[in-house]
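The chain contents come next:
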Amino acid sequence: MSSPQANHTPVSPHIPQRISARLATLGEGLTLYRTLPTRQRRMIGAWCFLDHVGPVPADPGMHVGQHPHTGLQTFTWMIEGEILHRDSLGNEQVIRPGQVNLMTAGHGITHTEDSLSGQTAVHAAQLWIALPPAQADMAPAFEHHPQLPQWEDTGARFTLLAGQHAGRNAPPKVYSPLMGLDIACTDTATLQLPLNPGFEHGLMPLRGELQIGQDTFTANELAYLPPGLTELPLTLAPDTQLLVLGGEPFPVPLLMWWNFVGFSKADLSQAQADWASGAARFGAMTAGKTASG
Ligand code: MN
């Protein structure tokens, strides 16, 4: 016969903060789930924007016309479907499931994103990474990563999207101490996730269900944990896919307006005025083929 104590589950010193997504609209009316920034939380490390797109039918899919960025990197993690990226550096790159596109806006860039026809669905995580002050004004760049470190452990498949984890390094070039990890399982998976105690973390199911201690998180609910944890016990329900973001708390306050980030209102109004006047800093998109053409 068990004592009451035997049934008592210790409460974690860090109860995750629950951040629910707000609905937002992207491009030509595609509805998506946005968990960063929200009223409750602006950033996780240098990660300053988290949109979860889909899964939605590929027709019409995702179509985002020409728009500029400054001071950040856009990070696309493709789960299902194919999207054509075009930018003012002249890049034309199709991104497919399991791949990452990383566009560094720095001083300024312009891009478009279009679902390719002939797909069944579109499902992606689209993130922004704020560039720290020393790199915020750097020259723009674009990287396509067709392959990322992938391994299996305790019944789950891990894909390292950014930074370091478990002795592995992801290839995307980032400028702050941060990490991004995808964990997927088909059956229930119970694991002990090692964490960098200098990082704050956010864990969000893209599908399925995550349990941390007594708390359950479903798709588009972000569990935030402050720095100080060296590991975290997780239970993933069958058919769960989980996004894990971590990073050192960003060293300076960040301002965001539309597609621009900066460190002062002057940074943002300059970017806005430059975009309105067609300034050279954003480059020019050459007339090219379109996704459907
Ligand atoms: Mn964009």
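Below is a summary of the structure that appears in this document. Model, not experiment: these values are computed from the prediction. (Residues numbered from 1 in each chain as written. Predicted model: local features only at pLDDT ≥ 70, side-chain atom pairs only at ≥ 80, totals over all residues. Heavy atoms only, no water.)

Looking at unusual backbone geometry
Working step 1: In the segment running from Leu-36 into Pro-37, the intervening peptide bond is cis, with an omega of -15°.
Working step 2: Examined against the element boundaries, Pro-37 turns out to sit in the loop between strand E3 (30-36) and strand E4 (47-57).
Working step 3: Along the chain, Gly-54 connects to Pro-55 via a cis peptide bond; the corresponding omega equals 5°.
Working step 4: Its place among the elements puts Pro-55 in strand E4.
Working step 5: Located in the positive-phi region is Thr-154, a residue other than glycine, with phi close to 40°.
Working step 6: Residue position: Thr-154 is located in the loop between strand E13 (150-153) and strand E14 (156-165).
Working step 7: Look at Ala-166: it is not a glycine, yet its phi comes out positive at around 50°.
Working step 8: Here Ala-166 shows up in the loop between E14 and strand E15 (168-169). (Helix = DSSP H or I, 4+ residues; strand = E, 2+ residues; numbered from the N terminus.)

A closer look at the side chain of His-123
Working step 1: Examined against the element boundaries, His-123 turns out to sit in strand E11 (residues 121-130).
Working step 2: In terms of polar contacts, His-123 uses its side chain to reach the side chain of His-52, at 2.7 Å. (Polar contact = N/O pair within 3.5 Å; in protein donor to acceptor, adjacent residues only side chain to side chain.)

A word on the coordination of the manganese ion
Working step 1: Bound to the manganese ion are the protein donor atoms His-67 (NE2), His-69 (NE2) and His-111 (NE2), situated 2.1 Å from the metal.
Working step 2: Sequence positions of the donors to the manganese ion reduce to the motif H-x1-H-x41-H. Taken together, the residues His-69 in strand E5 (residues 63-69) and His-111 in strand E10 (residues 109-115) connect sequence positions 42 residues apart. You'll find His-69 and His-111 in the same group, each marked buried. (Donors = N, O, S within 2.8 Å, 3.2 Å for Na, K, Ca; no water. Buried < 20%, exposed > 50% of the residue type's maximum accessible area, 1.4 Å probe, protein only.)

Quick word on helix H1 (residues 265-276)
Working step 1: Relative to the 16 Å expected for 12 residues at 1.5 Å per residue, H1 spans 16 Å between its end C-alpha atoms, a close match to the ideal helical length.
Working step 2: On its buried side, H1 packs onto strand E24 (255-257) and strand E25 (260-262).
Working step 3: Immediately downstream of H1, the backbone of Gly-278 shows phi near 70°, a positive value. (Expected span 1.5 Å × (residues − 1). Contact = heavy atoms within 4.5 Å.)

Thoughts on the sheet that holds E4
Working step 1: Ordered in space as E2-E3-E4-E11-E6-E9-E12, the seven strands form an open sheet in which the pairing is antiparallel. Pairing within the sheet leaves two strands with one partner each, and these edge strands are strand E2 (22-26) and strand E12 (141-145). Each neighbouring strand pair of the sheet contributes to a mean axis angle of 20°, computed without reference to strand direction.
Working step 2: Where E4 lies against E11, eight bridges are found, and the strand directions are antiparallel. For Leu-50, the partnering residue across the bridge sits in E11 and is Leu-127. (Pairing = 2+ DSSP bridges. Axes fitted to C-alpha atoms, helices over the stretch in contact; angles between N-to-C directions.)

A word on the nonpolar core
Working step 1: Core analysis: the largest hydrophobic core is formed by 38 residues, its most contacted members being Trp-47, Phe-75 and Trp-77.
Working step 2: At the level of secondary structure, the elements contributing two or more residues to this core comprise E4, strand E6 (72-80), strand E9 (100-104), E11, E14, strand E18 (200-207), strand E21 (221-225) and strand E23 (240-247).
Working step 3: Looking at which element gives the most residues to this core, the answer is E11, with five residues.
Working step 4: When near neighbours in sequence (up to four residues on either side) are disregarded, Trp-47 contacts Leu-36, Arg-42, Phe-75, Leu-127, Trp-128, Ile-129, Ala-162, Leu-178, Met-179, Gly-180, Leu-245 and Gly-246.
Working step 5: Counting 26 residues, the second largest nonpolar core, distinct from the first, contains Trp-151, Phe-158, Leu-225 and Leu-229. (Core = buried A, V, L, I, M, F, W, Y, C linked by side-chain atoms within 4.5 Å.)

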